[in-house]
Amino acid sequence: MEEPDYLICLQCETPTYQFEFANGKLVTCICNTCGADDLSDFMTEAELEEES
């Protein structure tokens, strides 16, 4: 996966720019709005559009 500019928090639906990618995978991420830090709580905009 190519590193995105931002990820969307699925808990509060806000973009977050605080994340780390390594070897094409998401390693850490945190939402400054709601505090979510579980990697499964974040998606790229493209992934979110595919889900809907």
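Cut-offs applied
- Residues numbered from 1 in each chain as written.
- Predicted model: local features only at pLDDT ≥ 70, side-chain atom pairs only at ≥ 80, totals over all residues.
- Heavy atoms only, no water.
- Helix = DSSP H or I, 4+ residues; strand = E, 2+ residues; numbered from the N terminus.
- Rg over C-alpha atoms; globule rule 2.2 N^0.38 Å.
- Buried < 20%, exposed > 50% of the residue type's maximum accessible area, 1.4 Å probe, protein only.
- Areas by Shrake-Rupley, 256 points an atom, 1.4 Å probe, with all protein chains shown as cover.
- Core = buried A, V, L, I, M, F, W, Y, C linked by side-chain atoms within 4.5 Å.
- Contact = heavy atoms within 4.5 Å.
- Phe/Tyr/Trp six-rings, centres within 6.5 Å; stacked < 30°, edge-to-face > 60°.

Visitor: Help me get a handle on the overall build of the chain, residues and values and all.
Guide: Looking only at helices and strands, one finds 1 helix and 5 strands in the chain. Overall, the chain shows an N-to-C arrangement of helices and strands of β-β-β-β-β-α. For the chain, whose C-alpha radius of gyration is 10 Å, the value lies close to the compact-globule estimate of 10 Å for 52 residues. Out of the 52 residues belonging to the chain, those deemed buried represent 27%. Total accessible area on the chain is roughly 3,700 Å²; 43% of this is exposed by carbon and sulfur atoms.

Visitor: Please set out the nonpolar core residue by residue, giving values where relevant.
Guide: In this structure, Leu 7, Cys 9, Phe 19, Phe 21, Cys 29, Cys 31, Ala 36 and Phe 42 together form the largest nonpolar core, which totals 8 residues. Sorting the residues of this core by element identifies β1 (7-9) and β3 (19-22) as the ones contributing at least two each. Setting aside chain neighbours within four positions, we find Cys 29 in contact with Leu 7, Thr 16, Gln 18, Phe 19, Ala 36, Asp 37, Leu 39 and Phe 42.

Visitor: Outline the packing of aromatic side chains, listing residues and values.
Guide: Per the counting criterion, the structure on display carries 2 aromatic pairs. Taking 5.8 Å as the distance between ring centres and 50 degrees as the angle between the ring planes, the aromatic pair formed by Tyr 6 and Tyr 17 counts as tilted. Of this pair, Tyr 6 sits in the segment before β1 while Tyr 17 sits in the loop between β2 (15-16) and β3; the two residues are 11 residues apart in sequence, bridging distant segments of the chain. A relative accessible area of 57% places Tyr 17 in the exposed class. With a centroid separation of 5.9 Å and 75 degrees between ring planes, the pair formed by Phe 19 and Phe 21 is classed as edge-to-face. Of the two residues examined, Phe 19 and Phe 21, each falls in the buried class.

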